[in-house]
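# Understanding the architecture of this molecule
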Amino acid sequence: MQEYKFKPIGYVKTKAESLPRHWSVSDIEGEIVIEPEYKLGLRDIKPGDKIVVIFCFHKASAFSPEKLIQKPPHLNETRGVFSTCSPHRPNPIGLSVLEVIDVRDNIIKVRRLDMYDGTPILDIKPYIEYRPVGG
């Protein structure tokens, strides 16, 4: 199978010392600092927007087959890794939906962080709410 290499486009900056396990239960604020060469790509991100941030679980331990089944801390049962938001995955890729507070130069101020200070950012996409066809 083909392998892919990713180069981070930026990183997270936050003073938070403890973080919730998921963005949906977070009110923590911080910044996404984008490398200057990608700054122009932030042009249409505005305060009030929601963005999908794809990042690397850079502090997760290496994946091994015994991690295919895990027990999430909030459940009393085990689950297959692909039914969880665990950072222990075959590819340590995370996804969070963040609220944009402000955009200045190459920095996006955000709310709902669930990422550590220094977390590598791989990509940013617009959040588009699902709407049924014809609805």
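For the structure itself, look to the data block above.
All figures in this text were calculated on a predicted structure; none of them were measured in a lab. (Residues numbered from 1 in each chain as written. Predicted model: local features only at pLDDT ≥ 70, side-chain atom pairs only at ≥ 80, totals over all residues. Heavy atoms only, no water.)

## Thoughts on the overall build of the chain
When its secondary structure is counted, the chain shows zero helices and eight strands. Moving toward the C terminus, one meets the helices and strands of the chain in the order β-β-β-β-β-β-β-β. Projected onto its principal axes, the C-alpha positions of the chain cover 45 × 40 × 35 Å. By the burial criterion, 32% of the 135 residues in the chain qualify as buried. (Helix = DSSP H or I, 4+ residues; strand = E, 2+ residues; numbered from the N terminus. Buried < 20%, exposed > 50% of the residue type's maximum accessible area, 1.4 Å probe, protein only.)

## Here we look at the side chain of Ser 64
With respect to the helices and strands, the residue Ser 64 is situated in the loop between β3 (50-56) and β4 (69-70). Among the polar contacts listed, one links the side chain of Ser 64 to the side chain of Glu 66, at a separation of 2.6 Å. (Polar contact = N/O pair within 3.5 Å; in protein donor to acceptor, adjacent residues only side chain to side chain.)

## A short note on the nonpolar core
Ile 32, Ile 51, Leu 98, Ile 108, Met 115, Ile 121 and Ile 124 are the most contacted members of the largest nonpolar core, which totals 19 residues. Broken down by element, this core gets its largest block of residues, three residues, from β3. (Core = buried A, V, L, I, M, F, W, Y, C linked by side-chain atoms within 4.5 Å.)

## Points about the sheet that holds strand β6 (residues 93-104)
Taken together, the six strands give a closed barrel; going around it, the order is β1-β2-β7-β6-β3-β8, and neighbouring strands pair in antiparallel fashion. Geometrically, the sheet is characterised by an average inter-axis angle of 45° between neighbouring strands, direction not taken into account. Bridge count between β3 and strand β8 (residues 120-126): five bridges; the pairing is antiparallel. The residue of β8 that forms the bridge with Val 53 is Ile 124. (Pairing = 2+ DSSP bridges. Axes fitted to C-alpha atoms, helices over the stretch in contact; angles between N-to-C directions.)

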